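Tertiary structure, described
Chain by chain, the residues:
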Amino acid sequence: MKESIRVFSPATVANVACGFDVLGFALESPGDEIEVRRRDEPGFTVINKTADTVFPGDVNKNTAVVSLKAYLEHLGSEDGFEITFHSKIKPGSGIGSSSASAAASVFAVNELLGRPLAQTDLVQFAMQGEKAAAGVAHADNVAPALLGGFVLVRSYDPLDLIQIPYPEELYCTIIHPQIEVKTEDARKILRKGITLKDAVTQWGNIAGLIAGLMKGDYPLIGRSLKDVIIEPIRSMLIPGFDEVKEAALANGALGASISGSGPSMFALSSSLETAQQVAQAMTKTFSQFEIENHSYVSKINKQGPKIL
Ligand SMILES: Nc1ncnc2c1ncn2[C@@H]1O[C@H](COP(=O)(O)OP(=O)(O)OP(=O)(O)O)[C@@H](O)[C@H]1O
Ligand SMILES: N[C@@H](CCO)C(=O)O
């Protein structure tokens, strides 16, 4: 059996406006690149070869280790592993940095061990990494990170993951304002209750978004990419949010909202040209608020993690 493996695990956009905690999709780039090597003795080591990522001091709080421990415990294995990070999504960015690591390690070791578990069965362990990062075992980043594409979390108990077809011509613009918002903090500020009116609007939109993706109905996708519950609260953490969102829509985006818990924003477009125009418009608008930022366009990642 191989003693080491190098894998890529994708960034992800969770919530997707109206699907808080239940919908996410994977991006072709960026992502985490890690190498996992079996150790001669039990335990875990993390080697950081990235240029600018600072990991938690306690290796056992690293989401890659937390998820891998849960996976190995399930298998009854006491093997130890060394995890080397070669590249890393910036933590707290809103595109699933904690998730990419949690998914990468379980995918890598499952491959090293000859795939004792199916890919879908790895999600439950990667969720433990998210719980360590944000206090809640949400699956809307790790499920698309491991399965690729758009994934609906139909149910958490029991875990029921549904891969959702989407139109081939779908492009995501991501913009990262240079501010950090931790998921844990962005969850604490949410209201504990919602009105029935908002609930009806939200579940109409999430159903419409799923239907639009499956039918390749761009106007329906656009009409449904609206969030009346989470965005009104979390957008207060992102200076210029309303103006940047308006700029995206004015330049042809189907819809735009907060990526995950923020501060990144995402916009979906039906062509690469539009997505690039949207990126320019969002960057220009954020810059008017004197917030450093960078933006890029990514296609949807079909496959999830891959062996390098
Ligand atoms: N391998 C890791 N990669 C990234 N963050 C990690 C990792 N291990 C632990 N963490 C911790 O998780 C937190 C980052 O996770 P958080 O969910 O806040 O950001 P994110 O995953 O980039 O955003 P989002 O979940 O909204 O997409 C930080 O406190 C970071 O220290
Ligand atoms: N659904 C999670 C995603 C975090 O990326 C949240 O919004 O808190």
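This structure is a prediction, so every number in the text was calculated from the model and none was measured. (Residues numbered from 1 in each chain as written. Chains lettered and ligands numbered in written order. Predicted model: local features only at pLDDT ≥ 70, side-chain atom pairs only at ≥ 80, totals over all residues. Heavy atoms only, no water.)

1. Re the nonpolar core
In this structure, V36, L68, Y71, F81, I83, V123 and L146 are the most contacted members of the largest nonpolar core, which totals 38 residues. Those residues in contact with L146 that lie beyond four places of it in its chain are A103, V106, F107, Q119, L122, V123, A126, Q303, G304 and P305. In this structure, V13, F25, I210 and F266 belong to the second largest nonpolar core, which totals 29 residues. (Core = buried A, V, L, I, M, F, W, Y, C linked by side-chain atoms within 4.5 Å. Buried < 20%, exposed > 50% of the residue type's maximum accessible area, 1.4 Å probe, protein only. Contact = heavy atoms within 4.5 Å.)

2. Remarks on the site of ligand 2
Residues in contact with ligand 2, as listed here, are A14, N15, F20, D21, H138, D140, N141, T183, R187, R234, G260 and S261. N141 places a side-chain nitrogen or oxygen 2.7 Å from an oxygen atom of ligand 2. Against a free-state accessible area of 260 Å², the protein chains account for coverage of 98% of ligand 2. Because more than half of its atoms lie within 2 Å of the grid, ligand 2 is assigned to the largest pocket. Partitioning the shell around ligand 2 into residue classes produces 2 nonpolar, 6 polar and 4 charged. The residue makeup of the shell around ligand 2 includes at least three contributed by each of domain 1 (4-164 + 303-307) and domain 2 (171-299). (Near = heavy atom within 4 Å. Polar contact = N/O pair within 3.5 Å; in protein donor to acceptor, adjacent residues only side chain to side chain. Areas by Shrake-Rupley, 256 points an atom, 1.4 Å probe, with all protein chains shown as cover. 1 Å grid on protein atoms, 1.4 Å probe; cavity = no way out; pocket = protein on both sides within 12 Å on 5 of 7 lines; lining within 4 Å. Sits in = over half its atoms within 2 Å of the grid points. Nonpolar A, V, L, I, M, F, W, Y, C, P; charged D, E, K, R; others polar. Domains from an automatic or database assignment.)

3. Considerations on the packing of helix 2 (residues 97-112) against helix 3 (residues 123-134)
When two helices pack together, you describe them by how their axes are tilted relative to each other and by the distance separating the axes. Running from amino to carboxyl end, helix 2 crosses helix 3 at an angle of 145°, the nearest separation of the two axes being 8 Å. The way helix 2 lies across helix 3 gives a crossing that is right-handed. Listed contacts from helix 3 to S98, S99, A102, A103 and V106 of helix 2 are F125, A126, G129, E130 and A133. Its residues assigned to classes, the contact of helix 2 with helix 3 comprises 6 nonpolar, 3 polar and 1 charged. (Axes fitted to C-alpha atoms, helices over the stretch in contact; angles between N-to-C directions. Helix = DSSP H or I, 4+ residues; strand = E, 2+ residues; numbered from the N terminus. Left-handed = near helix turned anticlockwise from the far one by under 90°.)

4. Some details on the sheet that holds strand 10 (residues 293-299)
One open sheet holds the 4 strands; their spatial order is 8-9-7-10, and the pairing between them is antiparallel. Both edges of this open sheet fall to strand 8 (255-258) and strand 10, since each of them pairs with a single strand only. The average undirected angle you get between the axes of adjacent strands in this sheet is 20°. As judged from the 4 bridges shared by strand 8 and strand 9 (residues 265-269), these two strands associate in the antiparallel manner. Looking at strand 9, one finds that I258 is bridged to M265. Lying on the sheet, helix 9 (residues 241-250) is in contact with strand 8 and strand 9; it crosses strand 8 at an angle near 155°. Those strands touched by helix 10 (residues 272-288) are strand 7 (171-177), strand 9 and strand 10, and its axis lies near 15° from that of strand 7. (Pairing = 2+ DSSP bridges.)

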